Amino acid sequence: MSDNPFGRVITAMVTPMHDDGSIDFDGLRRLAVHLADNGHDGLLVNGTTGESATTTDDEDYDCVQAVVEAVGDRVSVMAGCGTNDTEHSMRAAREMVARGADTLLVVTPYYNKPTQQGIVEHFRMIGEAADRPIMAYDIPGRTGLALTTDTIRSLDEIPQVRAIKDAKGDLFEASRLMAETDLLWFSGDDVLNLAHLAMGAVGVVSVVGHVAGNDYRAMVEAVDAGDLPRAREIHTRLIPAVDAIMHTSQGAIQAKAAMKLLGVIGSDRLRMPLLQGPAEHLDKLRSGLAASGLL
């Protein structure tokens with residue numbers, strides 16, 4: 001995969017915070033090193049799981065710089081710069097590249113409900129502004145707007161758009177587009193990681209990767225080797241952990257709690273409107289990690 005600038009096992013990092021809500025940059029660096037030590041060849045900073053909806057531009061830029069300084073010689077660092085304001089996204093993309101980002105994640109513009117042609121031009125303008133490989137993030141459950149098949153074909157014609165992070169859940173359409181385009185395909189939903197990999201995806205952009213990076217590395221390698229029983233065994237063993245992180249409340253909440261539980265970060269503080277979960281959610285997290293052999 002020498003033509004893949006993103007990596008194959010990527011986690012969308014939580015953003016560690018102190019108990020007063022300020023960003024814990026030392027914790028962020030420790031988390032980046034922990035992930036790089038455990039199966040990852042890519043990290044995503046300022047994604048949804050990083051609470052990018054409630055961090056400032058300057059905080060986002062400083063987070064990118066901190067992760068690059070910590071592990072940028074070991075893994076590919078991708079920075080989330082997508083917003084529903086094209087000019088804002090262009091400025092963010094340029095600054096994140098200046099801070100050392102190797103690649104960029106750009107989500108479909110949310111709330112505005114642009115036309116599909118408007119979406120294509122949004123990606124084109126960000127690509128031209130930063131001139132770095134872009135992964136387009138298709139997650140209609142959050143944005144209210146899916147990338148259509150024809151739009152993804154059009155994105156394939158933009159030189160900087162190299163990949164899709166697929167959280168749409170249409171496996172057949174994903175397989176069609178993998179066959180028709182040169183785009184690198186990534187599972188953007190831990191529930192479907194094995195299904196996407198089995199159909200030709202090159203990697204995963206994960207939340208559960210906070211705790212299961214080595215397992216997802218082994219899953220990718222098993223699929224590459226044609227060892228589907230081994231890949232399926234990993235998938236099955238991880239079901240309790242995936243369920244505890246992704247289905248109990250919200251991924252960022254549970255992933256941050258998991259990192260605190262494992263001693264990687266000092267606090268599971270989040271920014272409103274995200275709240276730390278009740279004791280029973282932590283109990284389910286602890287039992288789910290234990291059942292998957294991760295605790």
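Residues numbered from 1 in each chain as written. Predicted model: local features only at pLDDT ≥ 70, side-chain atom pairs only at ≥ 80, totals over all residues. Heavy atoms only, no water.

Under an unreviewed UniProt entry, the protein has the name 4-hydroxy-tetrahydrodipicolinate synthase and belongs to Dietzia aerolata. Checking UniProt for the protein, the heading Function (unreviewed entry) contains the comment "Catalyzes the condensation of (S)-aspartate-beta-semialdehyde [(S)-ASA] and pyruvate to 4-hydroxy-tetrahydrodipicolinate (HTPA)." Check the Pathway (unreviewed entry) section of the UniProt entry for the protein; it says "Amino-acid biosynthesis; L-lysine biosynthesis via DAP pathway; (S)-tetrahydrodipicolinate from L-aspartate: step 3/4." (UniProt positions renumbered as here; feature names shortened; annotations may be inferred.)

**Concerning the UniProt feature "site: Part of a proton relay during catalysis" (unreviewed entry) in the protein**
Following the UniProt record, the feature "site: Part of a proton relay during catalysis" (unreviewed entry) maps to T48 and Y111 here. The residue T48 is located in the loop between β2 (42–45) and α2 (57–71) in this model. Look past the residues within four positions of T48 in its chain and what remains in contact with it is Y137 and R142. By the element assignment, Y111 lies in the loop between β4 (103–107) and α4 (116–130). Residue class for Y111 comes out exposed when judged on its relative accessible area of 75%. Leaving out residues up to four positions away in the same chain, Y111 has contacts with N84 and T143. (Helix = DSSP H or I, 4+ residues; strand = E, 2+ residues; numbered from the N terminus. Contact = heavy atoms within 4.5 Å. Buried < 20%, exposed > 50% of the residue type's maximum accessible area, 1.4 Å probe, protein only.)

**Some details on the packing of aromatic side chains**
Taken as a whole and judged by the stated rule, the model has one aromatic pair. Geometrically, the ring pair formed by F6 and F186 is edge-to-face, given 6.0 Å between the ring centres and 75 degrees between the ring planes. Remark: F186 occurs in strand β7 (residues 184–187) and F6 occurs in the segment before β1 (9–12); sequence separation between them is 180 residues. For the pair formed by F6 and F186, the shared burial category is buried. Here K165 stacks its cationic end above the ring of Y137, 3.8 Å away from the centre of that ring. (Phe/Tyr/Trp six-rings, centres within 6.5 Å; stacked < 30°, edge-to-face > 60°. Lys NZ or Arg CZ within 6 Å of the ring centre and 35° of its normal.)

**Let's talk about the pattern of salt bridges**
According to the stated counting rule, one finds 18 salt bridges in the structure shown. With a closest N to O distance of 3.0 Å, E173 and R176 form a salt bridge. Remark: R176 and E173 occur in helix α7 (residues 171–180); sequence separation between them is three residues, near one turn of the helix. The partner of D215 in a salt bridge is R237, with the nearest N and O atoms 2.6 Å apart. Note that D215 is positioned in helix α9 (residues 209–224) and R237 in helix α10 (residues 228–246), a separation of 22 residues in sequence. Sharing partners across several salt bridges, the network here consists of D215, R230, E233 and R237. (Salt bridge = Lys/Arg side-chain N within 4 Å of Asp/Glu carboxyl O.)

**Quick look at the side chain of T11**
Considering the arrangement of structural elements, one finds T11 in strand β1. The class for T11 is buried, based on a relative accessible area of 0%. Excluding residues within four positions of it along the chain, T11 makes contact with L35, H40, G42, L43, L44, S206, G209 and H210.

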